[in-house]
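Here are the chains, one letter per residue:
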Amino acid sequence: MNKKNILIIGSGGREHALATFLSKNKTIDKIYTAPGNAGTPGNISYNAGNTKDFETLADFAQAKEISLTVVGPEIPLCNGIVDVFDARGLSIFGPSQKAAFVTEGDKASARNFMRNYGIPQPDFEVFNNLILAKDYLNSLPEQRIVVKASGLAAGKGVYVCENLNEAVKAAEEIMEQRIFGSSGNKIVIEDCMDGEEASILAVCDGQRAVYLASSQDHKRVFDGDKGLNTGGMGAYAPAPVVIDELLKNVDDNIVKKTLEGMADEGMPYKGCLYVGLMIKDGEPKVVEYNCRFGDPEIQAVLALLKTDLYELLKASADGNLDQIQVENYDKAACCVVLASDGYPGKYETGKIISGLDKADKMDNTYVFHAGTEKEGSGKTITAGGRVMNVVGIGDTIKDAIKTAYKGTEAIDFDNKYLRNDIGYRALKKR
Ligand code: GLY
C-alpha cells in the first residue's frame, strides 16, 4: 500500500478533529500539524502571522512528500498559503487568496459579490468614512441593526446592536478607536435578521459542491444565547431546521450561484465554503461566508461522516468531487466547548488539565484539544480561551447531548467554563 503523509495547518479543536478523522484512513502514515496543540500529532513550528513561513512549510511538504496539506484557519488562507503551494505543484485543501478575501477576508466584498449574483442576504451599506456612517445611522428609523468591521477580526468584529445609539458606538469603536486596527478601515451596516441560524459546510472543487451534515453553532458566551459573541461555545449536527427542501434551496440559490460567480471572476472556489444562514419561514439568507470549516461545527459534523475524509478533501484539492458521494451515519453529534472563565474577554492560562485519559476512554465520545500546550514536566495546561472540545454521539440529539456533557464532567481545570444548554433548540424541536 502506498502510504501517505498529511500536513494540517492550525492549532485549534478543528485541526485536532481533522487529524483524528484523517487518521482513520489506513493509507495515511504520518500526520504533521503546524503549529498544533498538546493533542495534535507531529507538531512543527509555524508562525501564522509570518507569510514567509509559507515557503518554509512548502519546503517541509516537499521534503516529507506530503500528499495533502489541509488548512484550518482563515488567516493563512487570506494571506495566500494556497497560492504558494499551488505555484509549487503541492496539493492543498483550501481557497486561493483572492477567493478567501472575497468570501471572508473582506465582508464588504462578500456583500457586494452576493448583491452582484442575486444571492439572498439582508440589505446593507458599506462605509469607509465614519461621518458618513453616522449620518446614515442617524437617518434611519429606530431599529436593531448589525455593524461589522469589514476585515478579519477573529470573530469579534460583528456587533448586533439593539438600537441606533449602540450602532453609532460600534462604528466609533471600529473606525475611530480602531480596536481591530486596519480591519476597521471599512464597515458594513446591515439589517438585523431574525429567525434561526444554521451552518452549511460545502466542500467545493472549483465547479461543484458536496455537503457535510448541517449544524448549528452557539456563538454567545452565556446560556440562553446571552452575552458577548465568541468563536463558538458548542455545536450540534445535524440541524433539524435544515430540511432537504431548504438544502436544495441553499444549493440552487446560494452555493451554485457563488461557485459560478467566483469562477466567472477568475477565482474558482476550492476548499470549504462555510455558509452561515438565517432561516425565517423556511427561506434562507446569508449571514456570512467563511473560507474554512466552522469551529466548533466541524468537530460535531466529522463525528457523523461515513465517507473517508482524506478522499473527500483530496478530491476537492484535485478538482474531482464528481467522484465522491458524501455519506453520514444516521446519528446525531454534540460538541461542547470547555473554555477559560472570562473568555472572550480576559482569562488566565497555564492551568493543569486533568481527566483527559478518562474522557478519552468514554464510549461514543471524542475529546479534542483546542487552546492547550505541554508544560516542561509534560503536563497538559490551558493556553487559550477555548481549551477543549468534547463531542458526544448518540442515536438522537438528546443522547448525543447527554454523552457530551458526561464527557465534560471527566475533564477539569481551574476556571473551567462551559455553557450548559448546547443543543437546546434541537431539543425544543423534537
Ligand atoms: N463557529 C463559527 C465560525 O467558525 O466562524
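Scroll up for the structure.
What this report covers is the structure whose coordinates are included nearby.

So, how was this worked out
Residues numbered from 1 in each chain as written. Predicted model: local features only at pLDDT ≥ 70, side-chain atom pairs only at ≥ 80, totals over all residues. Heavy atoms only, no water. Helix = DSSP H or I, 4+ residues; strand = E, 2+ residues; numbered from the N terminus. Contact = heavy atoms within 4.5 Å. Polar contact = N/O pair within 3.5 Å; in protein donor to acceptor, adjacent residues only side chain to side chain. Phe/Tyr/Trp six-rings, centres within 6.5 Å; stacked < 30°, edge-to-face > 60°. Buried < 20%, exposed > 50% of the residue type's maximum accessible area, 1.4 Å probe, protein only. Near = heavy atom within 4 Å. Nonpolar A, V, L, I, M, F, W, Y, C, P; charged D, E, K, R; others polar. Patch = residues over 30% accessible without salt bridge, like charges linked within 9 Å, V, L, I, M, F, W, Y side chains within 5 Å. Areas by Shrake-Rupley, 256 points an atom, 1.4 Å probe, with all protein chains shown as cover. Salt bridge = Lys/Arg side-chain N within 4 Å of Asp/Glu carboxyl O. Lys, Arg positive; Asp, Glu negative; His and termini not counted. Charge placed at Lys NZ, Arg CZ, Asp CG, Glu CD. Pairing = 2+ DSSP bridges. Axes fitted to C-alpha atoms, helices over the stretch in contact; angles between N-to-C directions.

1. What about the environment of Tyr366?
- Structurally, Tyr366 can be placed in strand S18 (residues 365-369).
- Remark: the alpha-carbon pair of Tyr366 and Ile393, spanning 27 residues in sequence, is separated by 8.5 Å.
- Apart from the residues lying within four places of it in its own chain, the contact partners of Tyr366 are Thr20, Phe21, Lys24, Ala303, Asn389, Val390, Val391 and Ile393.
- Polar side-chain contacts of Tyr366 include one of 3.3 Å to the side chain of Lys24.

2. Side note on the packing of aromatic side chains
- For the structure on display, the rule yields 10 aromatic pairs.
- Aromatic side chains Phe127 and Tyr136 sit 5.2 Å apart centroid to centroid with 40 degrees between the ring planes, which places their arrangement in the tilted category.
- Ring centres of Tyr343 and Tyr347 lie 6.4 Å apart, and the angle between their planes is 65 degrees; on these two criteria the pair is classed as edge-to-face.
- Exposure remark for Tyr343: the relative accessible area of 13% places this residue in the buried category.
- Pairwise contacts between aromatic rings join Phe21, Tyr366 and Phe368 into one cluster.

3. Things to note about the site of the ligand
- In the neighbourhood of the ligand, the contacting residues comprise Asp217, Lys219, Gly231, Tyr274, Asn290, Arg292, Gly294, Asp295, Pro296 and Glu297.
- The side chain of Arg292 places a nitrogen or oxygen atom 2.7 Å from an oxygen atom of the ligand.
- Asp295 places a polar main-chain atom, nitrogen or oxygen, 2.9 Å from a nitrogen atom of the ligand.
- Counted by class, the shell around the ligand contains two nonpolar, three polar and five charged residues.

4. Considerations on a positive patch on the surface
- Together, Lys358, Lys398, Lys402 and Lys406 line one region of the surface with positive charge.
- Counting through the fold element by element, Lys398 comes out in helix H13 (residues 397-410).
- The class for Lys398 is partly exposed, based on a relative accessible area of 46%.

5. Quick look at the pairing of S18
- For S18, a buried count of five out of five residues is recorded, marking the element as mostly surrounded by other parts of the structure.
- Both faces of S18 are covered, namely the face carrying Thr365, Val367 and His369 and the face carrying Tyr366 and Phe368.
- Sheet topology places S18 next to strand S21 (residues 386-394); five bridges connect them, and they run antiparallel. By the bridge assignment for S21, Thr365 is matched with Gly392.

6. A word on the sheet that holds strand S4 (residues 92-93)
- Taken in spatial order, the four strands line up as S2-S1-S3-S4 in an open sheet, and their pairing is parallel. In the strand order of this sheet, the two ends are held by strand S2 (28-35) and S4, each with one partner.
- Where strand S1 (residues 4-10) meets strand S3 (residues 66-71), five bridges bridge the pair, whose relative direction is parallel. Paired with Ile9 across the two strands is Val71, which belongs to S3.

7. Some details on the sheet that holds strand S5 (residues 124-127)
- The four strands lie next to each other as S5-S8-S6-S7, forming an open sheet whose pairing is antiparallel. Where the open sheet ends on each side, the last strands, each with one partner, are S5 and strand S7 (158-161). If you compare each strand with its neighbour and ignore which way they point, the axes differ by 20 degrees on average.
- With five bridges joining them, strand S6 (residues 145-149) and strand S8 (residues 187-191) adopt antiparallel strand pairing.

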